[in-house]
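# Structural overview
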Amino acid sequence: MEENVVLTARGISMTFPGVKALDNVDFTLRKGEIHALMGENGAGKSTLIKCLTGINDFEAGEIRVEGVDGPVKNRSTKDAQNIGISTVYQEVNLCPNLSVAENLFIGREPLTKLHTIDRKSYNKRSMKIMEDLGISVDVTQNLENYSLAIQQMVAIARAVDMDCKVLILDEPTSSLDDEEVEKLFSLMRKLKEKGVGIIFVTHFLEQVYAVCDRITVLRNGAFVGEFPIAELPRVKLVAAMMGKDLDDLAEIQKEQKDYSKEPMEIEAKGLSHAGTIKPFDLNIHKGEVVGIGGLLGSGRSELARCIYGADKAQTGTLAVAGQQVKINQPIDAMNKGMGMLPDDRKAEGIIADLSVRENIILALQAKRGMFKQLSRAQQEEIADRYIDLVKIKTASKDTLIKQLSGGNQQKVILARWLATDPDFLILDEPTRGIDVGTKSEIQKLIVKLAGEGKSVLFISSEIEEMLRTCNRMVIMRDGQKVGEIDHDLSQEGVMKAIAGGES
Amino acid sequence: MKANSKKSFNSNTLLLVITIVLFCVLYVGGCIAYGSKGFTHFQTFLNILITNAGLICVACGMTCVMLTGGIDISVGALIAMDCMMLAVGMEKGIGAVTMVLIVLLVGVVFGVVQGFLVGYLEIQPFIVSMAGMFFCRGMTAVICTDQVSITEKINATFYKWANTKVTIPFGGYVNNKGKYMAPYVRPGVIVAILVLIIIFIMLRYTKFGRSLYAVGGSAQSAAMMGLNVKKIKMGAYMLSSILCSVGGVCYCLNTMAGSVTQALGLEMDAISSAVIGGTLLTGGVGNVIGSFFGVLINGTISSIVKTNGKLASSWPNILTAALLFIFIVIQSIFAAVRARRK
């Protein structure tokens, strides 16, 4: 093993049913470095980490850890801990009902001669551990009495006290505020000086540049590269994560129409939902298609969910067609003429065991209420109309939706919302995982709907697609709306905006 | 970032304090209202213990299971089966000590099976222990459908145990015939108190005890921290069944009979005692001292109703229901306050 390297993973491959989750991935961690593991959601970061910690059983490749001869194959998190790999997750994996000290020592408590737990001794040791890390807490208090940040630090303290050589921090900052994040960072730097190798997984670009020494980028389960932080400015990082090379991006020109004269359809002021999206303003005119750009996990869906009431807005006001409205839950939004196509169509969209017809009329029926049932003839008429309109390829309108292809399922959900005749439609990744032909059909349909005077909020990971269909783009970063681009929509401009920062 | 959370305010301790205060209020109330009927005698309190010795053992086991976030509703039926086994076994001429050992062994085996199903096969504890409940109640009838009494003739040793008075050197009174009545308890009470002390120490000072809390706090976290959650859960159900069998013997010493309908709904008494004592159904919070006072509160209510003599015997149920309601509301208020302080 190389000098100073604490962990290497070589050629790791792993398949989930139907998906190649990791394909020949390499990873190297050195002593005393903070190494960012970057990639969009689904790029394979978590899968790789689970391979390192023994939760996932990888098929090919080998992992070596300093001080252990031969390749390492962990069977459980406990195995991993024994050879010095500890993980701290986004959700604190400690017991809130036990004291801080107990959380540090449970499973390995010091015992007295009578084989009972030596409370005094571990309270004292816990106090010392926390002091050494510069965290001042009363270790005899229950963990639930402390903030998430402290809980996070207790989890780290536990890992460190178990002599870990490799500390994996999986999205530890997502529920912390800025001040807490800073505390966490100073703790990370302290550990780095002690020679601990830290793997830092986050989707906050700023944080990567604030603490990390090196970056490994994954995309679609494949290894993209390992870069020293100085050699990978933000835009390049984003390009690496998204898989676009800035140089070969063809500029796409688009005719612009001035929508600012059109009446306002949606007017959001200071809407926010704690923990998912910071306050934002957003105006959408009638007939306008507004795109939301940003990395996966940057708050794109959350912004939409907040408007739609799927996550109830905790602050701010919303006006629909010039009228102030209060939206507590999705049905309120539906009654105000909104429709939303969620991004996870398996979990939130289709109802697999119902027919195409039933899936199409679902939203309309919900809007009408339980007691005003659509007659069978009406249902069939609506189903026929929309199967034709959005070109759903199905054997009949009574075919079960689960027998349709992914693209056609997506069209059924689109049809469902069109059937409610919405004035404002939110489309979250409507084209994900479907073939190119269907994609362009859906894009055309969006433009056509806009032409008919409907407003659309369009979320997609494919920038080209949005450039083709959107009149204006909102840029999201780290759960915050950071800007809007309303002219000169270009791939480069959008990517620069998404990357943010000075580079 | 100085830790300034007040040490004095711990809602779980507060719940326990409320339970104890409530018991005192009830008891003193009983004394004031029914002092003339002898409620003030120390023996009245001891009688509550004598009647509920079995329930105390069961409640201790139930608390351990509930700490892991589970439940064991088989205990009432298991007690019935224990009593029936004791009665029929001794009727057939098997010695008292042997029978007690057999009953305890059955408890262990029963606990292993339930624990394995819940812990390793990850079946809902409610379903597992419901099956256990039906099994035990059914087996009781299979052993014998009649009520079987244990008399001195059937087994002198067991009869002697049941009628042994362990006198207490203080707190006696002189009755209206001028005779000094020394207060006493039965051996079952001694067993129950021992169980209570052992489980209290186990929960507080042993690895297994603390892991029960950890599993109840968050099973996933406990597993992440390297605890063997399956084994711990299995241990909890084994403990519950064993303590239930110990309780079964105590119960039998009190009733001196085996019957199919015996100890009906005792599992609910155990659960309500634990809840009134501050154990959360969601797991992770509670201790046996609370459950002990929960049993005492239920016992005091029954005792008051009995002493009154005019109230219908269904009143204890209604009062217990009211108490449960109050305690659950207090618990959820505390939980809400805690959530807001975050």
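Residues numbered from 1 in each chain as written. Chains lettered and ligands numbered in written order. Predicted model: local features only at pLDDT ≥ 70, side-chain atom pairs only at ≥ 80, totals over all residues.

### Description of the overall build of chain A
Secondary structure assignment for chain A yields 17 helices and 19 strands. By the compact-globule yardstick of 23 Å for 503 residues, chain A fits well, its C-alpha radius of gyration being 26 Å. The principal-axis extent of the C-alpha atoms belonging to chain A is close to 80 × 50 × 45 Å. Long-range contacts, defined here as pairs at least 24 residues apart, represent 68% of the contacts in chain A between residues at least 6 apart. (Helix = DSSP H or I, 4+ residues; strand = E, 2+ residues; numbered from the N terminus. Rg over C-alpha atoms; globule rule 2.2 N^0.38 Å. Contact = placed C-beta atoms within 7 Å.)

### Some points on the domain arrangement of chain A
Residues and elements named next belong to chain A. Assigned domains within chain A: domain 1 (5-232) and domain 2 (248-337 + 422-503). Counting from both sides, the interface comprises 7 residues of domain 1 and, opposite them, 7 residues of domain 2. Within the side of domain 1 that touches domain 2, the residues separate by chemical class into 2 nonpolar, 3 polar and 2 charged. (Domains from an automatic or database assignment. Nonpolar A, V, L, I, M, F, W, Y, C, P; charged D, E, K, R; others polar.)

### Re helix α14 (residues 406-419) of chain A
All names here are of chain A. The end-to-end C-alpha distance of α14, which contains 14 residues, comes to 20 Å, matching closely the 20 Å that a straight helix rising 1.5 Å per residue would cover. Most of α14 is tucked away, with 12 of its 14 residues classed as buried. Of all the positions in α14, only N408, Q409, Q410, K411, V412, I413, L414, A415, R416, W417, L418 and A419 are classed as buried. Just downstream of α14, D421 is the residue with a positive phi angle, here 50°. (Expected span 1.5 Å × (residues − 1). Buried ≥ 20, exposed ≤ 12 C-beta atoms within 10 Å, placed from the backbone.)

### As for the interface of chain B and chain A
Across the contact, 22 residues belong to chain B and 21 residues belong to chain A. Elements with a minimum of two residues in the side of chain B that touches chain A: α8 (207-217) and α9 (219-224) of chain B. A total of 5 residues in the side of chain B that touches chain A trace back to one element, the largest contributor, which is α8 of chain B. Of the residues belonging to the side of chain B that touches chain A, the class tally is 10 nonpolar, 8 polar and 4 charged.

### Regarding the environment of G216 of chain B
Residues and elements named next belong to chain B. Along the chain, the position of G216 falls in helix α8. Spatially, the C-alpha atoms of G216 and L281 are 9.5 Å apart, while their sequence positions differ by 65 residues. When near neighbours in sequence (up to four residues on either side) are disregarded, G216 contacts L67, T68, G69, G283 and G284.

### Structural notes on the sheet that holds strand β11 (residues 277-285) of chain A
Pairing between sheet strands relies on hydrogen bonds along the backbone, with the strands arranged either parallel or antiparallel. Residue and element names in this part refer to chain A. Pairing is antiparallel across the open sheet formed by 4 strands, whose spatial order is β11-β10-β13-β14. With one partner strand each, in any of the chains shown, β11 and β14 (323-325) form the two edges of the open sheet. Adjacent strand axes in the sheet meet at a mean angle of 20°, parallel and antiparallel pairs treated alike. As paired elements, strand β10 (residues 264-273) and strand β13 (residues 315-320) share 5 bridges and run antiparallel to each other. When the bridges of β13 are listed, I266 appears paired with V320. Here helix α9 (residues 300-308) sits on the sheet and contacts β10, β11 and β13; the angle it forms with β10, its principal contact strand, is near 110°. (Pairing = 2+ DSSP bridges. Axes fitted to C-alpha atoms, helices over the stretch in contact; angles between N-to-C directions.)

### Side note on helix α12 (residues 288-308) of chain B
Residues and elements named next belong to chain B. Here α12 is 21 residues long and its end C-alpha atoms lie 30 Å apart, about the 30 Å a rise of 1.5 Å per residue gives. Counting buried positions over the 21 residues of α12 gives 16, a clear majority of the element. Directly beyond the C-terminal end of α12, a positive phi value near 80° is found at G309.

### Things to note about the environment of Y213 of chain B
Mapping Y213 of chain B onto the fold places it in helix α8. Under the C-beta neighbour-count criterion, Y213 of chain B is labelled buried, with 23 such atoms within 10 Å. As for Y213 of chain B and T164 of chain B, which are separated by 49 residues in sequence, their C-alpha atoms are 38 Å apart. Apart from the residues within four sequence positions on either side, Y213 of chain B is in contact with N97 and L98 of chain A together with L67 and G284 of chain B.

### A closer look at the pairing of strand β19 (residues 480-485) of chain A
All names here are of chain A. Looking at chain direction, strand β18 (residues 472-477) and β19 are connected through 5 bridges and run antiparallel. What sits directly across from I475, in β19, is G483. Following β18, the chain reverses through 2 residues before pairing antiparallel with β19; D478 in that reversal takes a positive phi of roughly 50°.

### Considering the pairing of strand β7 (residues 197-201) of chain A
Residues and elements named next belong to chain A. The buried count for β7 comes to 5 of 5 residues, which makes it a mostly enclosed element. Burial of β7 is two-sided: the residues G197, I199 and V201 facing one way and the residues I198 and F200 facing the other way are all buried. With 5 bridges joining them, strand β6 (residues 166-170) and β7 adopt parallel strand pairing. The residue of β7 that forms the bridge with D170 is V201.

### Describing the sheet that holds strand β16 (residues 424-428) of chain A
Residues and elements named next belong to chain A. Judged by pairing direction, the sheet is mixed, and its 6 strands sit side by side in the order β15-β16-β17-β12-β18-β19 without closing on themselves. Strand pairing shows two members of the sheet lacking a second neighbour, β15 (338-341) and β19, which therefore form its edges. Along the sheet, successive strands turn relative to each other by an average axial angle of 20°, direction set aside.

### Observations concerning the nonpolar core
The biggest cluster of nonpolar side chains holds 245 residues, and the ones touching the most others in it are L48, L167 and F458 of chain A together with V58 of chain B. Inspection of this core shows a minimum of three residues originating in each of domain 1 (5-232) and domain 2 (248-337 + 422-503) of chain A. (Core = buried A, V, L, I, M, F, W, Y, C linked by C-beta atoms within 7 Å.)

### Re the packing of helix α2 (residues 42-67) of chain B against helix α7 (residues 187-205) of chain B
Residues and elements named next belong to chain B. Relative orientation of the contacting elements α2 and α7 amounts to 25°, with a least axis distance of 8 Å. With respect to their mutual orientation, α2 and α7 come out roughly parallel. Of the two elements, α2 crosses α7, and the hand of that crossing is left-handed. Seen from α2, the contacting residues are L49, I50, A53, G54, I56, C57, C60 and C64; seen from α7, they are G188, V189, V191, A192, V195, L196 and I199. (Parallel < 35°, antiparallel > 145°, perpendicular 65-115°, else oblique. Left-handed = near helix turned anticlockwise from the far one by under 90°.)

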